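Residue-level structural notes
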Amino acid sequence: MNVEPLADRKCRRVNNLEGNNENMTEFLMGILSSIVATALITAVVKWGWPSFKDKCLYNGVRIAGTWDITEVRNSKNVKVGRIELKQQGRIITGTSTRTKTRDGKKSERNFQYHGSISGHQVTLTFEDAKGVGFDTGTYVFIVQNDSKTMVGMATFHGKTENKIVSEPRTLIKAVS
């Protein structure tokens, strides 16, 4: 029978513990590097890529900014509100405040918008920011060559008419 000396057994145990510590360190380093890689990829996908795509790859018309909404009432152009548009590539979002109703009364209605631009055509869907009633509709505009005017139509459910209504609208770039 071959009996290993006690000192050799103790050395082997110490070596096994050191090996386990090295394995644990490698395991923890693997987890840490995975977390760092995930965070880096998330940052690129969430912030880096959209910004790069918008600034470097999108070369279409830019309409971000503040626009005055005008309607024709009694053969006159009347400013009825203001819309603030944001643009990320071809995706458009925004908010507006309508300061006058269609019959000329004072108003403070807020709307939210989302849509897109393709070439010079802007298509926006809007809805009441409070979700009050059936106040949704669409805008379809053509951006004019001066990039300071958009001419188009608003289509929505007209409450007084109790039917779908389409009316001309013009957006004029507000002076900053």
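My aim in this report is to walk through the structure given alongside it, one point at a time. Please read all numbers here as calculations on a predicted model, not as lab measurements.

Looking at the side chain of Arg 98
Take Arg 98: it is sitting in strand β3 (residues 91-100). In this structure Arg 98 comes out as buried when scored by relative accessible area, which is 14%. In this view, Arg 98 contacts Glu 71, Val 80, Gly 81, Ser 107, Glu 108, Arg 109, Phe 111 and Arg 169; residues no more than four positions away in its chain are not counted.

Things to note about the sheet that holds strand β8 (residues 163-173)
As summarised here, the arrangement of the eight strands in space is β1-β2-β3-β4-β5-β6-β7-β8, forming a closed barrel in which the pairing is antiparallel. Strand-to-strand twist of the sheet, defined as the mean angle between neighbouring strand axes without regard to direction, takes the value 30°. The sheet contact formed by strand β6 (residues 136-143) and strand β7 (residues 149-158) spans seven bridges and is antiparallel. By the bridge assignment, Tyr 139 is partnered in β7 with Ala 154.

Quick word on the nonpolar core
In terms of nonpolar packing, the biggest core is built from 23 residues, with Ile 63 and Met 150 touching the most fellow members. Broken down by secondary-structure element, the contributors of at least two residues to this core are β1 (65-73), β2 (76-88), β4 (106-118), β5 (121-128), β6, β7 and β8. Among residues more than four places away in sequence, those in contact with Met 150 are Ile 63, Trp 67, Leu 85, Val 122, Phe 141, Ile 142, Val 143, Arg 169, Thr 170 and Leu 171.

A look at the layout of surface pockets
It is the rolling of a water-molecule-sized probe over the atoms that shows where space remains empty. Considering only enclosed or pocket space, the largest pocket measures out at about 530 Å³ in volume. If you go around the largest pocket, you meet 22 residues; those closest to its centre are Arg 98, Arg 102, Arg 109, Asp 135 and Phe 156. Within the residue set of the lining of the largest pocket, elements represented by two or more residues are β3, β4, β6 and β7. Across the lining of the largest pocket, the residue classes tally to eight nonpolar, seven polar and seven charged.

A closer look at the packing of aromatic side chains
Under the defined criterion, the tally for this structure stands at six aromatic pairs. Here Phe 111 and Phe 126 contribute two aromatic rings whose centre-to-centre distance is 5.8 Å and whose plane-to-plane angle is 90°, an arrangement assigned as edge-to-face. Here Phe 126 lies in strand β5 and Phe 111 lies in strand β4, a separation of 15 residues in the sequence. The class of Phe 111 is buried, set by a relative accessible area of 10%. Judged by its relative accessible area of 9%, Phe 126 is buried. For the pair Tyr 113 and Phe 126, a centre-to-centre distance of 5.8 Å together with 45° between the ring planes defines the contact as tilted. Remark: Phe 126 occurs in strand β5 and Tyr 113 occurs in strand β4; sequence separation between them is 13 residues. The structure contains a cluster of three or more aromatic residues connected by ring pairs, namely Phe 111, Tyr 113, Phe 126, Tyr 139 and Phe 141.

Side note on the pairing of β3
Note: β2 against β3, eight bridges, orientation antiparallel. Residue pairing in the sheet places Ile 83 in a bridge with Ser 96 of β3. What sits between the antiparallel neighbours β2 and β3 is a turn of two residues, in which Gly 89 has the positive phi angle 65°. Pairing between β3 and β4: nine bridges, direction antiparallel. Looking at the pairing, Thr 97 lines up with Asn 110 of β4. Between the antiparallel neighbours β3 and β4 lie five residues, among them Gly 104 with a positive phi of about 95°.

So, how was this worked out
- Residues numbered from 1 in each chain as written.
- Predicted model: local features only at pLDDT ≥ 70, side-chain atom pairs only at ≥ 80, totals over all residues.
- Heavy atoms only, no water.
- Helix = DSSP H or I, 4+ residues; strand = E, 2+ residues; numbered from the N terminus.
- Buried < 20%, exposed > 50% of the residue type's maximum accessible area, 1.4 Å probe, protein only.
- Contact = heavy atoms within 4.5 Å.
- Pairing = 2+ DSSP bridges.
- Axes fitted to C-alpha atoms, helices over the stretch in contact; angles between N-to-C directions.
- Core = buried A, V, L, I, M, F, W, Y, C linked by side-chain atoms within 4.5 Å.
- 1 Å grid on protein atoms, 1.4 Å probe; cavity = no way out; pocket = protein on both sides within 12 Å on 5 of 7 lines; lining within 4 Å.
- Points joined across faces, edges and corners; volume = space filled by probe spheres on them.
- Nonpolar A, V, L, I, M, F, W, Y, C, P; charged D, E, K, R; others polar.
- Phe/Tyr/Trp six-rings, centres within 6.5 Å; stacked < 30°, edge-to-face > 60°.

By themselves, these are just geometric observations and shouldn't be taken as functional.
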